[in-house]
Amino acid sequence: MQVSDPNNVKIYNLSAGKSLPEWLSERKRRALLKKNVDIRRRIELIQDFDMPGLSSAVRVSKDGQYILATEKCANTLFILQLIFLQCDRYIEFHAAYGRYYRLRIPKFGRDLQYDFPSCDVFVVGASSDIYRLNLERGQFMTPYTSTASSINKCTINPAHHLLLCGTQEGRVEAWDQRTKTMVGSLDCALTCLSENKDMEGFPSVTALKFNGGLQLGVGTATGQILLYDIRSNRPFYVKDHMNDLPIKDVEFHYQQDLVLSMDSSVLKIWDKNNVGIIQSSIKIRLLSLINSLQFKNKRY
């Protein structure tokens, strides 16, 4: 792979650049890497990373050594210590040999988060309750009760361990796990409606992501991304995808200070410090069509 950097935008050429022969021994590989600078700086792609079914979620481990992709209709996953929230109200626990335990929650779940210091699994969904399952005790603890009718997303900040929940009513609620109380809220829907009075639909919260301890990215069902400093109740920037599609995810690129926001149609990469200038856009539907055609060709 060859990497170029015109106008501070990286372009990856997958068909160029030097690669190592597969038949080389490990000793010869290390010797060649020491001598050749271009090979040492190369970027390797993961080959044949596909599956016969549908994959709807991909996660990377914290050490960057493992990638997990969930597959539809998969009965067993040979991965260590995983928790799955399923659409039939079940939570499954998997070990290296596969599933070893499952339990059911009272209402349909939409998102879950695991808090390492407390060993609590937080589950939110079609209810005002935030379920707390303590893995050390092996039992449900007293749930938090939100003011919302239902909760779409939740996230935990690793710096101060605030639990944030994005609600159907367009609010973000912050819960302090030490006092078990709600310590603040952001009315994202009011901000979106004031920015665009002709908006179609209601701006429920559909995505949450922290950038460090203080910055928060919020995605809405009407296609807006709001960036907050959690010390203020007003966003310091609002970005609109201009297609009225729900935001599925928001991510931050820490090295280049970029924001990645995605809906079902497009992935946009933009600069949050430079009036939201778009760095790049990737059409997701086109990629899905290409992958579908490739899958059909392999199958038939």
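Since we're looking at a predicted model, the values are computed, not measured. (Residues numbered from 1 in each chain as written. Predicted model: local features only at pLDDT ≥ 70, side-chain atom pairs only at ≥ 80, totals over all residues. Heavy atoms only, no water.)

A. Spatial organisation of the packing of aromatic side chains. Under the definition given, this model contains six aromatic pairs. The interplanar angle of 40 degrees and the centroid separation of 6.5 Å between the aromatic rings of Phe 93 and Tyr 100 together place this pair among those described as tilted. Classification of Tyr 100 by relative accessible area gives partly exposed; the value is 47%. The interplanar angle of 80 degrees and the centroid separation of 4.9 Å between the aromatic rings of Tyr 114 and Phe 116 together place this pair among those described as edge-to-face. Taking relative accessible area as the criterion, Tyr 114 reaches 27% and is therefore assigned partly exposed. A relative accessible area of 53% means that Phe 116 is categorised as exposed. Pairwise contacts between aromatic rings join Phe 93, Tyr 100 and Tyr 101 into one cluster. (Phe/Tyr/Trp six-rings, centres within 6.5 Å; stacked < 30°, edge-to-face > 60°. Buried < 20%, exposed > 50% of the residue type's maximum accessible area, 1.4 Å probe, protein only.)

B. Representation of the nonpolar core within the structure. Residues Leu 164, Val 172, Cys 188, Leu 208, Leu 216, Val 218 and Tyr 228 are the most contacted members of the largest nonpolar core, which totals 15 residues. The leading source of residues in this core is strand S16 (residues 205-211), at three residues. Beyond its immediate chain neighbours, meaning those up to four positions away, Leu 164 contacts Lys 153, Cys 154, Thr 155, Val 172, Glu 173, Ala 174, Leu 208, Phe 210 and Leu 216. In terms of nonpolar packing, the next biggest core, distinct from the first, is built from 10 residues, Val 124, Ile 130, Ile 156 and Cys 165 among them. (Core = buried A, V, L, I, M, F, W, Y, C linked by side-chain atoms within 4.5 Å. Helix = DSSP H or I, 4+ residues; strand = E, 2+ residues; numbered from the N terminus. Contact = heavy atoms within 4.5 Å.)

C. Representation of the pattern of salt bridges. Across all of its chains, the model carries 10 salt bridges by this definition. Among the ionic pairs, Asp 88 bridges to Arg 102, the shortest N-O distance being 4.0 Å. With Asp 88 in the loop between strand S5 (82-85) and strand S6 (90-95) and Arg 102 in strand S7 (residues 98-104), the pair connects residues that are 14 residues apart, well separated along the chain. Residue classification places Arg 102 among the partly exposed residues on the basis of a relative accessible area of 31%. For Asp 257, the salt bridge goes to Lys 272, with nearest N and O atoms at 3.5 Å. Placement of Asp 257 in the loop between strand S20 (249-253) and strand S21 (258-262) and of Lys 272 in the loop between strand S22 (266-271) and strand S23 (278-283) is noted, with a sequence separation of 15 residues between them. By relative accessible area, which is 27% here, Asp 257 ends up partly exposed. (Salt bridge = Lys/Arg side-chain N within 4 Å of Asp/Glu carboxyl O.)

D. Region of interest: helix H3 (residues 188-195). Inspection of H3 places Cys 188, Ala 189, Thr 191 and Cys 192 among the buried residues, and these make up the whole buried set. Along H3, the residues classed as buried sweep out an arc of 160 degrees about the axis, all on the same side. Tucked into the core, H3 has its buried residues touching strand S14 (171-176), strand S15 (181-187), strand S17 (215-220), strand S18 (224-229) and strand S19 (237-240). In this structure Asp 187 caps H3, since a side-chain oxygen of it lies 3.5 Å from the backbone nitrogen of Ala 189. (Arc of directions from axis to C-beta. Polar contact = N/O pair within 3.5 Å; in protein donor to acceptor, adjacent residues only side chain to side chain.)

Remember that the coordinates give geometry; whether it matters functionally is a separate question.
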